[in-house]
Amino acid sequence: MERISNLILIDGDTRRRATISHALSTAQIHVEPFENISELGAAWPRGGVVLLHEQAGAISSLIEQMARHGEWFPIIAFSEFPSPPRIVQAVLDGAIDYVGWPITADELNASLDRAIRRTDAFGHAKLREVMARARIDRLSRREREVLSGVASGLSNRLIGERLSISPRTVEIHRANMLTKLGASHTSDAIRIAIEAALIK
């Protein structure tokens with residue numbers, strides 16, 4: 001297990017950013033503080049673990065930013081006295097861990113260690129998912145519907161019947177879908193859909 005040496009801190013509260021940076025300086029962890037996700041996007045780091053002050057939509061926005069840059073960093077979300085449903089939603093959105101604020105330096109170090117262990121276990125799978133989601137996001141609603149039909153094993157005729165369009169129109173959407181996904185075969189498109197968790 002690799003020890004973290006870089007922490008990407010995203011928090012709009014200047015005082016809290018300073019407190020966290022100071023607490024981790026004794027553990028020889030370099031903290032790169034950012035006020036928000038937009039600021040992070042302008043100065044993209046080489047690597048590390050993200051400690052994100054979690055607010056509505058923050059994790060999704062961060063994951064979209066990672067997809068644009070083609071990199072995935074483990075996310076530890078934190079907030080003041082989080083409720084269990086909020087923690088669950090954050091993890092479902094993509095956080096690898098969640099901590100309540102205030103937090104001691106020892107608790108934060110333990111959370112960072114857990115994040116590294118979990119990243120070692122499924123970091124590459126998460127990166128593939130982020131990249132696949134970015135590709136799927138390029139598709140129109142109709143192209144996604146065609147991809148879903150293709151992944152279900154339906155013929156162009158059956159997809160057309162299901163969507164109330166002609167088989168020829170399905171072929172056109174299918175060709176556009178393959179181009180946008182960068183897939184050379186239908187099997188590649190299905191793999192991308194599975195990695196994006198579009199299909200179970």
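Residue positions within a chain follow its written sequence, with the count starting from 1. Confidence filtering applies because this is a predicted model: local features only for residues at pLDDT of at least 70, side-chain atom pairs given and counted only at 80 or more, and all residues used for totals across whole chains, interfaces and linings. Side-chain measures were taken over the full set of non-hydrogen atoms in the model, leaving aside hydrogen atoms and water.

Another aspect to go through is the UniProt feature "domain: HTH luxR-type" (unreviewed entry) in the chain. With numbering aligned to this structure, UniProt lists the feature "domain: HTH luxR-type" (unreviewed entry) at residues 132-197. In DSSP terms, a helix is any run of H or I states spanning at least four residues, a strand is any run of E spanning at least two, and both are numbered starting from the N terminus. Within the segment residues 132-197, helix and strand shares are 74% and 0% respectively, and the terminal C-alpha atoms sit 9 Å apart. UniProt positions are given in the numbering used here, feature names are shortened, and annotations may be inferred rather than shown by experiment.

This paragraph deals with the packing of aromatic side chains. Classification of ring pairs uses Phe, Tyr and Trp, with its six-membered ring standing for Trp, and accepts pairs whose centres are within 6.5 Å; under 30 degrees between planes counts as stacked, over 60 as edge-to-face, and the remaining range as tilted. Tallying each qualifying case throughout the model produces two aromatic pairs. With a centroid separation of 5.9 Å and 55° between ring planes, the pair formed by phenylalanine 78 and tryptophan 101 is classed as tilted. Here phenylalanine 78 is found in strand 4 (residues 75-80), whereas its partner tryptophan 101 is found in strand 5 (residues 97-101), with 23 residues between them in sequence. Of the two residues, phenylalanine 78 and tryptophan 101, both sit in the buried class. The rule is simple: take the accessible area with a 1.4 Å probe, protein chains only, and divide by the maximum for that residue type; under 20% is buried, over 50% is exposed, in between is partly exposed.

This next bit is on the layout of surface pockets. With a 1 Å grid spanning the protein atoms alone, the term cavity applies to any set of points in which a 1.4 Å probe fits but cannot get out, the term pocket to an open set with protein on both sides within 12 Å along at least five of seven lines, and the term lining residue to any residue with an atom within 4 Å of a point. Grid points are joined across faces, edges and corners, and a volume is the space filled by probe spheres set on the points. Considered as a void within the structure, the second largest pocket measures approximately 210 Å³ in volume. Lining the second largest pocket, in full, are Ser60, Ile63, Glu64, Ala67, Arg68, Asp93, Val130, Arg133, Ala134 and Asp137. Mapped by element, the contributors of at least two residues to the lining of the second largest pocket are helix 3 (58-69) and helix 5 (105-136).

Two strands form a pair only when DSSP identifies at least two bridges running between them. In spatial order, the strands read 2-1-3-4-5; together these five strands make up an open sheet with parallel pairing. Across the chains shown, the open sheet's two edge strands, defined by having one partner strand only, are strand 2 (30-34) and strand 5. Taken pair by pair, the neighbouring strands of this sheet meet at an average axis angle of 25°, ignoring direction. Pairing of strand 1 (residues 6-10) with strand 3 (residues 49-53), which is carried by four bridges, proceeds in the parallel orientation. For isoleucine 8, the partnering residue across the bridge sits in strand 3 and is valine 50. Any two residues whose heavy atoms approach within 4.5 Å are treated as being in contact. Comment: axis = line fitted to C-alpha atoms, over the contacting stretch for helices; angle = value between 0 and 180 degrees taken between N-to-C directions. Lying on the sheet, helix 1 (residues 14-25) is in contact with strand 1, strand 2, strand 3, strand 4 and strand 5; it crosses strand 1 at an angle near 165°.

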